[in-house]
Amino acid sequence: MRGQNAIIKMRLEGYKPEFIFVDAFDLPCGTRRFTDPENCLLDHGHASIQIGPDDVVATLDLRIVTGTTVVLNGSDQDKVRSVFAQLRKFNPARIVAATPDFVYDTAWGKP
């Protein structure tokens, strides 16, 4: 997982992003200047996390999403569902999840 350190630093300084974009694709996490989520706050102005193919979703510490709106994207429906379940444990204000096959928004009601 990459991107969490920039968001942790932001939250420790007293700022909470309104949105956090979470990518759960089966691709290695970007580490180049413009693809590294640790640089997204500086380069693009939005908080971003990438979950890599080797990350064990059930062990991810996602406390940084508490109280924020999470936009979750991925290509594998099962992986997105497992990341969605993990995110719910940390009480985000809202989760909008999408794959090529479905879109779900917690603002619509219970899953």
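Each remark here, short or long, concerns the structure printed above.
Residues numbered from 1 in each chain as written. Predicted model: local features only at pLDDT ≥ 70, side-chain atom pairs only at ≥ 80, totals over all residues. Heavy atoms only, no water.

Undergrad: Describe the packing of aromatic side chains, with residues and values.
TA: Taken as a whole, this structure holds three aromatic pairs when the rule is applied. When the ring of F19 is compared with that of F21, the centres are 6.4 Å apart and the planes differ by 25°; the resulting orientation is stacked. Look at F19 and you get partly exposed, because its relative accessible area is 37%. When its relative accessible area of 29% is taken as the criterion, F21 is described as partly exposed. Directly above the ring of F102 sits R81, whose terminal nitrogen or CZ lies 5.2 Å from the centroid. (Phe/Tyr/Trp six-rings, centres within 6.5 Å; stacked < 30°, edge-to-face > 60°. Buried < 20%, exposed > 50% of the residue type's maximum accessible area, 1.4 Å probe, protein only. Lys NZ or Arg CZ within 6 Å of the ring centre and 35° of its normal.)

Undergrad: Give a detailed account of the side chain of T68, specifying residues and quantitative values.
TA: Among the secondary structure elements, T68 is positioned in the loop between β2 (47–50) and β3 (69–73). Residue T68 is classed as buried on the basis of its relative accessible area of 1%. Within the structure, T68 has its side chain in polar contact with the backbone oxygen of V65 (distance 2.7 Å). In this structure, T68 is in contact with R11, K16, P17, E18, I20, P92, A93 and R94, ignoring residues within four places of it in sequence. (Helix = DSSP H or I, 4+ residues; strand = E, 2+ residues; numbered from the N terminus. Polar contact = N/O pair within 3.5 Å; in protein donor to acceptor, adjacent residues only side chain to side chain. Contact = heavy atoms within 4.5 Å.)

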